[in-house]
Amino acid sequence: MRVLCACEESQAVCTEFRRRGHEAYSCDILPCGGVMSTVYRKPDQVIQPWQFGHGETKATCLWLKGLPPLVPTGVVDGREARVHRMPPGPDRARMRSRTYPGVARAMAEQWG
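Residues numbered from 1 in each chain as written. Predicted model: local features only at pLDDT ≥ 70, side-chain atom pairs only at ≥ 80, totals over all residues. Heavy atoms only, no water.

Participant: Explain the pattern of salt bridges to me, please; I cannot follow it from the model alone.
Facilitator: As a working rule, side chains carrying opposite charge can pair if their charged atoms are close by. The tally for this structure, following the rule as stated, stands at eight salt bridges. Linking Arg 41 and Asp 44 is a salt bridge whose minimum nitrogen-to-oxygen distance equals 2.9 Å. You can call Asp 44 partly exposed: its relative accessible area is 42%. Residues joined in a network through salt bridges with shared partners are Glu 16, Arg 19, Arg 20 and Glu 109. (Salt bridge = Lys/Arg side-chain N within 4 Å of Asp/Glu carboxyl O. Buried < 20%, exposed > 50% of the residue type's maximum accessible area, 1.4 Å probe, protein only.)

If you want it as structure tokens, here you go:
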């Protein structure tokens, strides 16, 4: 299957699809901010890392054209807002935009 992972700075989703034998490409336009909801439309689904094996909070919006909602694969306790509390710095935006491996894995498993 051919997959385009848009606005995904970390390459985590693209990498997971490639590991499963798909032809996957990533496209990111920097700088990026909370623009999609305003310019495009509201997201179809909002997920959290704690739903996919990571004990943290970080709302991630998904625009699902032709895809079913992502099903949580490992709800965990210990929900820490580590990403939200990151100190200012030159790498803060890039670090905040990274995709958690459990989320990327679920996307490739469920949508691939």
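Participant: Got a minute to help me understand the packing of helix α1 (residues 12–19) against helix α4 (residues 101–111) in this structure?
Facilitator: Working note: a packed helix pair is described by the angle between its axes plus the distance between those axes. In contact at an axis separation of 8 Å, α1 and α4 are set at 45° when each is read in the N-to-C sense. On the basis of the axis angle, α1 is oblique to α4. Where α1 crosses over α4, the two elements pack in a sense that is right-handed. Together, Ala 12, Val 13, Glu 16 and Phe 17 of α1 and Ala 104, Arg 105, Met 107, Ala 108 and Trp 111 of α4 make up the contact between the two elements. (Axes fitted to C-alpha atoms, helices over the stretch in contact; angles between N-to-C directions. Helix = DSSP H or I, 4+ residues; strand = E, 2+ residues; numbered from the N terminus. Parallel < 35°, antiparallel > 145°, perpendicular 65-115°, else oblique. Left-handed = near helix turned anticlockwise from the far one by under 90°. Contact = heavy atoms within 4.5 Å.)

Participant: Is there a simple way to explain α4 in this structure?
Facilitator: Residue pairs spaced three or four apart in an α-helix point in one direction, given the helix's 3.6 residues per turn. Every buried residue belonging to α4 is among Gly 102, Val 103, Ala 104, Ala 106, Met 107, Ala 108 and Trp 111, and all of these are buried. Where α4 is buried, its residues meet α1, β3 (45–47) and β4 (60–62).

Participant: Explanation requested: the environment of Gly 21 in the structure shown.
Facilitator: Counting through the fold element by element, Gly 21 comes out in the loop between α1 and β2 (23–27). Sequence spacing of Gly 21 and Trp 111 is 90 residues, and the spatial spacing of their C-alpha atoms is 13 Å.

Participant: Which parts of the structure should I look at to understand the pairing of β2?
Facilitator: Each regular strand displays side chains that alternate between the two surfaces of the sheet. Relative to β2, strand β1 (residues 2–6) is paired through five bridges, and the arrangement is parallel. Across the sheet, Ala 6 pairs through a bridge with Cys 27, a residue of β2. Crossover handedness for the path β1 to α1 to β2: right-handed. (Pairing = 2+ DSSP bridges. Right-handed = clockwise from strand over helix to strand, strands pointing away.)

Participant: What's the story with the nonpolar core in this structure? I'm lost.
Facilitator: Inside soluble globular proteins, nonpolar side chains tend to come together where they are buried. Counting residues in each nonpolar core, the largest one holds 20 residues, and the members touching the most others are Phe 17, Leu 62, Leu 70, Met 107 and Trp 111. Elements supplying a minimum of two residues to this core: β1, α1 and α4. Considering every element that reaches this core, the biggest residue donor is α4, with six residues. Residues within four places of Leu 70 in sequence aside, it is in contact with Gln 45, Ile 47, Phe 52, Leu 62, Val 103, Ala 106, Met 107, Gln 110 and Trp 111. (Core = buried A, V, L, I, M, F, W, Y, C linked by side-chain atoms within 4.5 Å.)

Participant: Quick question: what am I supposed to make of the environment of Ser 97 here?
Facilitator: With respect to the helices and strands, Ser 97 occurs in the loop between α3 (92–96) and α4. We classify Ser 97 as partly exposed; its relative accessible area is 32%. Sequence separation between Ser 97 and Ser 10 is 87 residues, and the spatial gap between their C-alpha atoms is 7.1 Å. When neighbours within four sequence positions are excluded, Ser 97 is seen to be in contact with Glu 9 and Lys 58. Side-chain polar atoms of Ser 97 contact the backbone oxygen of Arg 94, separated by 2.9 Å. (Polar contact = N/O pair within 3.5 Å; in protein donor to acceptor, adjacent residues only side chain to side chain.)

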